[in-house]
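Letter by letter, the chains look like this.
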Amino acid sequence: VLGVVERVNPVNIRPLEDGSGWNILKGAWTLCARSSAIYLYLPLSEQLKSGRRKGFFWYLLCAGILMECVVFFVSTVLGELAVKEAYPFFMLTTVAQISIFQRMDALHVCVWVAVCFLRVTLFLWAMREQFVSCLPLHARENGRARWVLPFFALATLGAACGMLLQHQTAELMLNLLSTGIPILLLIVAIPLVCLLVGWIRGRLRKGESA
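What counts as what
- Residues numbered from 1 in each chain as written.
- Predicted model: local features only at pLDDT ≥ 70, side-chain atom pairs only at ≥ 80, totals over all residues.
- Heavy atoms only, no water.
- Helix = DSSP H or I, 4+ residues; strand = E, 2+ residues; numbered from the N terminus.
- Rg over C-alpha atoms; globule rule 2.2 N^0.38 Å.
- Buried < 20%, exposed > 50% of the residue type's maximum accessible area, 1.4 Å probe, protein only.
- Core = buried A, V, L, I, M, F, W, Y, C linked by side-chain atoms within 4.5 Å.
- Contact = heavy atoms within 4.5 Å.
- Patch = residues over 30% accessible without salt bridge, like charges linked within 9 Å, V, L, I, M, F, W, Y side chains within 5 Å.
- Areas by Shrake-Rupley, 256 points an atom, 1.4 Å probe, with all protein chains shown as cover.
- Salt bridge = Lys/Arg side-chain N within 4 Å of Asp/Glu carboxyl O.
- Axes fitted to C-alpha atoms, helices over the stretch in contact; angles between N-to-C directions.
- Parallel < 35°, antiparallel > 145°, perpendicular 65-115°, else oblique.
- Left-handed = near helix turned anticlockwise from the far one by under 90°.
- pLDDT = per-residue confidence, 0-100.
- Nonpolar A, V, L, I, M, F, W, Y, C, P; charged D, E, K, R; others polar.
- Disulfide = S-S within 2.5 Å.

With respect to the overall build of the protein
Right, on to step 1. Scanning the protein from terminus to terminus reveals 10 helices and zero strands.
Right, on to step 2. The helix and strand sequence of the protein, counted from the amino end, reads α-α-α-α-α-α-α-α-α-α.
Right, on to step 3. Here the C-alpha atoms of the protein give a radius of gyration of 23 Å, more than 25% beyond the 17 Å that 2.2 N^0.38 yields for 210 residues.
Right, on to step 4. On the principal axes, the C-alpha backbone points of the protein span a range of 75 × 40 × 40 Å.
Right, on to step 5. Relative to its full complement of 210 residues, the protein shows a buried share of 18%.

Considerations on the nonpolar core
A general tendency of soluble globular proteins is for nonpolar side chains to be buried together.
Right, on to step 1. Membership of the largest hydrophobic core is limited to 11 residues, which are Val-4, Val-70, Phe-73, Val-74, Val-77, Leu-78, Ala-82, Leu-92, Val-95, Ala-96 and Met-104.
Right, on to step 2. Counting only elements with at least two residues in this core, the list comes to helix 3 (52-78) and helix 5 (88-95).
Right, on to step 3. For this core, the element with the highest residue contribution is helix 3, accounting for five residues.
Right, on to step 4. The residues contacting Phe-73, other than those within four sequence positions of it, are Val-1, Val-4, Val-8, Leu-78 and Leu-92.
Right, on to step 5. Of all hydrophobic cores here, the second largest spans five residues; its members include Val-132, Ala-145, Val-148 and Phe-152.

Examining a nonpolar patch on the surface
Right, on to step 1. Taken together, Trp-29, Leu-42, Leu-184, Ile-187, Val-188, Leu-192 and Leu-195 make up a surface patch of nonpolar side chains, about 640 Å² in accessible area.
Right, on to step 2. At five residues, the largest contribution of residues to the nonpolar patch is made by helix 10 (residues 181-209).
Right, on to step 3. Structurally, Leu-184 can be placed in helix 10.

Here we look at the packing of helix 6 (residues 105-134) against helix 8 (residues 148-165)
Right, on to step 1. With their axes 9 Å apart at the nearest point, helix 6 and helix 8 run at an angle of 130 degrees to one another. On the basis of their axis angle, the class for helix 6 and helix 8 is oblique. With respect to the hand of their crossing, helix 6 and helix 8 are arranged in right-handed fashion. Across from Leu-124, Met-127, Arg-128, Phe-131 and Val-132 in helix 6, the residues of helix 8 making contact are Val-148, Leu-149, Phe-152, Ala-153 and Thr-156.

Description of the confidence of the model for the protein
Right, on to step 1. Looking at the protein as a whole, the pLDDT averages 80, with 94% of positions reaching at least 70.
Right, on to step 2. At the low end of the mean pLDDT range in the protein sits helix 7 (residues 137-141), at 68; at the high end sits helix 8, at 87.

Notes on the packing of helix 5 against helix 6
Right, on to step 1. One can describe the packing of helix 5 onto helix 6 by two numbers: an axis separation of 7 Å at closest approach and a directional angle of 135 degrees. In terms of axis orientation, helix 5 runs oblique to helix 6. For the pair formed by helix 5 and helix 6, the contact residues are Phe-89, Phe-90, Thr-93 and Thr-94 on the first element and Asp-105, His-108 and Val-109 on the second.
Right, on to step 2. Of the residues in the contact of helix 5 with helix 6, the class split is three nonpolar, three polar and one charged.

Some words on the state of the cysteines
Right, on to step 1. Per the stated rule, a full pass over the model turns up zero disulfides.
Right, on to step 2. The closest cysteine sulfur to the non-disulfide-bonded Cys-110 is located on Cys-116, 12 Å from its own sulfur.

Laid out in structure tokens, this is it:
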């Protein structure tokens, strides 16, 4: 903000055209579907004793304000250039200058990479916790659970290498995330299936006890 505030030009903001409401909703859904924090909410919510809804609400509010600020500065500073750029926010950091920092893109990349390591670690831990909770008790006690994390780490590394070598695979995964189907499966479909299975098992146990 400090580096680009002098370059803000409100003339670069385009007025909304007719029928833009649907495009705005579609773009908001796409950004929400690509947000990795959404996928972490359900696994991590089990670790909280209270304040789940409040915490998620504050996350959505802060993320919304942050996105609005980013879009505002990208639009007012870059103008037409923002439409053609694949990574407009990164382009915005290249024009930002603060005192001794001639360009802020190097700092941006360092922060981005460091946060990526943290996010990958958090995802692997959440995957392990969810998978281990589904294992039988004897499988947890005999030490087999310790291989779960290395397995997921190698699987993640293999998937990353595959998407790096095959650009079409990365585009396919991005298009799949953009549809929002994984979010619907995680939040709606999978819980309903688990509830149905639990209800059937409960009925069967009652029948056996009778």
